[in-house]
Amino acid sequence: MLKTSKVYAKRALMGGLSGFRSPVGMDRRDRVQAMRTGDIGFVHSWDINTSVDGPGTRMTVFMSGCPLRCQFCQNPDTWKMRDGKPVYLDDMVGHIVRYKDIFQSTGGGVTVSGGESMMQAAFVSRVFHAVKKEGVGTCLDTSGFLGRSWTDEMLEDVDMCLLDVKSGDEETYHRVTGAALAPTIEFGERYARLGKRIWVRFVLVPGLTDSVENVENVAKICERFGDAVEHIDVLGFHQLGRPKWHELRIPYPLETCEGPSRELKDRVRQQFRDHGFVVY
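An account of the accompanying structure is given in this report. (Residues numbered from 1 in each chain as written. Predicted model: local features only at pLDDT ≥ 70, side-chain atom pairs only at ≥ 80, totals over all residues. Heavy atoms only, no water.)

### Describing the overall build of the protein chain
- Assigned secondary structure in the protein chain consists of 11 helices and eight strands.
- For 280 residues, the compact-globule formula gives about 19 Å, and the C-alpha radius of gyration of the protein chain, at 19 Å, lands near that figure.
- For the protein chain, the spread of C-alpha atoms along the three principal axes comes to 60 × 40 × 30 Å.
- Long-range contacts, defined here as pairs at least 24 residues apart, represent 71% of the contacts in the protein chain between residues at least 6 apart.
- Taken as a whole, the protein chain presents about 13,200 Å² of accessible surface, with 50% of it coming from carbon and sulfur.
- Seen as two clouds, the 37 positive and the 37 negative side-chain charges of the protein chain have centres 8 Å apart. (Helix = DSSP H or I, 4+ residues; strand = E, 2+ residues; numbered from the N terminus. Rg over C-alpha atoms; globule rule 2.2 N^0.38 Å. Contact = heavy atoms within 4.5 Å. Areas by Shrake-Rupley, 256 points an atom, 1.4 Å probe, with all protein chains shown as cover. Lys, Arg positive; Asp, Glu negative; His and termini not counted. Charge placed at Lys NZ, Arg CZ, Asp CG, Glu CD.)

Pasting the structure below:
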């Protein structure tokens, strides 16, 4: 458990995250233990939005740490855990619950994103469990790559999932993310069996994820999730994240890539509709 001494209390700070205390001065052993129990989580930032990260008005909490290295990542500044700020569990829960009247009146809630939202399983699952008791809806924005780190019991507190299916074939998926596709499929199937809601998100990148075959394979993967899939969002690639890659001095593989044309987006959306999906 976290230390509760007066010294620790005096050394709490905001850490650039409005409304959150952040424990500092903790030695590495205590920090690792606190992360294992979910007493603290490393948070990059948060915001309030509508119609972006789930239904209704939502607080989106961006966690730090991600095992993937997606070529089109908008937030490479969330890749490393150490780049986030440690935040107390109770503070996070209290901050979310503060907005519960707005969430309930709009059908919204809290969405945990990243980075990779499943990477800090103990913290995020405890946050969800606590806020659900207060009547706040929960949503996990994830690639599903770390699905095995979450038990079915933990997933019961996740009302819905924004599942990123980044490619439909192994070769392209590895090219896009540096990782394997199978965990995404495995997680999606398991989550669907729990009777939960899935919004699939597919990033359309010309020359990378846009081939007819790749899109067909994504559609076939989504079919494996059955009626759990409420709709598929086709998200056109854009360059809004490029300045972060430059600032971090990370070589940016899509430096000259342009967003998809209207014709390409229409073609891809129609492919998904041909499989019976509602598509946006």
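### Overview of the side chain of S64
- Within the fold, S64 resides in the loop between β2 (57–63) and β3 (85–88).
- The residues touching S64, leaving out its near neighbours within four places in the chain, are F42, V43, H44, T78, K80, M81, D83, G84 and Q120.

### So, the packing of aromatic side chains
- Scanning the model with the defined rule gives six aromatic pairs in all.
- Ring centres of W46 and Y99 lie 6.3 Å apart, and the angle between their planes is 55°; this geometry places the pair in the tilted category. In this pair, W46 sits in strand β1 (residues 40–50) while Y99 sits in the loop between α3 (89–97) and α4 (100–106), placing the two residues 53 residues apart along the sequence.
- By relative accessible area, which is 21% here, Y99 ends up partly exposed.
- Taking 4.9 Å as the distance between ring centres and 45° as the angle between the ring planes, the aromatic pair formed by W245 and Y252 counts as tilted. There is no split in this pair, since W245 and Y252 are both buried.
- Here a set of aromatic residues connected by ring pairs shows up, and it is made of W46, Y99 and F103. (Phe/Tyr/Trp six-rings, centres within 6.5 Å; stacked < 30°, edge-to-face > 60°. Buried < 20%, exposed > 50% of the residue type's maximum accessible area, 1.4 Å probe, protein only.)

### Looking at helix α8 (residues 182–193)
- With 12 residues, α8 extends 17 Å between its outermost C-alpha atoms, agreeing within 8% with the 16 Å of an ideal straight helix rising 1.5 Å per residue.
- Within α8 the residues assigned to the buried category are T184, I185, F187, G188, R190, Y191 and A192.
- Taken together, the buried residues of α8 touch β5 (137–142), α6 (152–155), β6 (160–164), α7 (170–177), β7 (197–204) and α9 (212–223).
- The first or second residue beyond α8 is G195, which carries a positive phi of 80°. (Expected span 1.5 Å × (residues − 1).)

### What about the pairing of strand β4 (residues 109–113)?
- For β4, the tally of buried residues reaches five of five residues, placing the bulk of the element in the interior.
- Pairing of β2 with β4, which is carried by five bridges, proceeds in the parallel orientation. The partner of M59 across the bridge, within β4, is V110.
- Pairing geometry for β4 and β5, over four bridges, is parallel. Within the sheet, the bridge partner assigned to V110 lies in β5 and is T138. (Pairing = 2+ DSSP bridges.)

### Section: the nonpolar core
- Of all hydrophobic cores here, the largest spans 70 residues; its most connected members are F72, I96, W150 and F272.
- A per-element tally of this core places helix α5 (residues 121–133) first, with six residues.
- Apart from the residues lying within four places of it in its own chain, the contact partners of F72 are K166, V176, V203, V205, L208, F237 and L254. (Core = buried A, V, L, I, M, F, W, Y, C linked by side-chain atoms within 4.5 Å.)

### What to know about unusual backbone geometry
- Cis geometry is found at the peptide bond from G114 to G115, where omega equals 20°.
- In this structure, G115 sits in the loop between β4 and α5.
- Look at R249: it is not a glycine, yet its phi comes out positive at around 60°.

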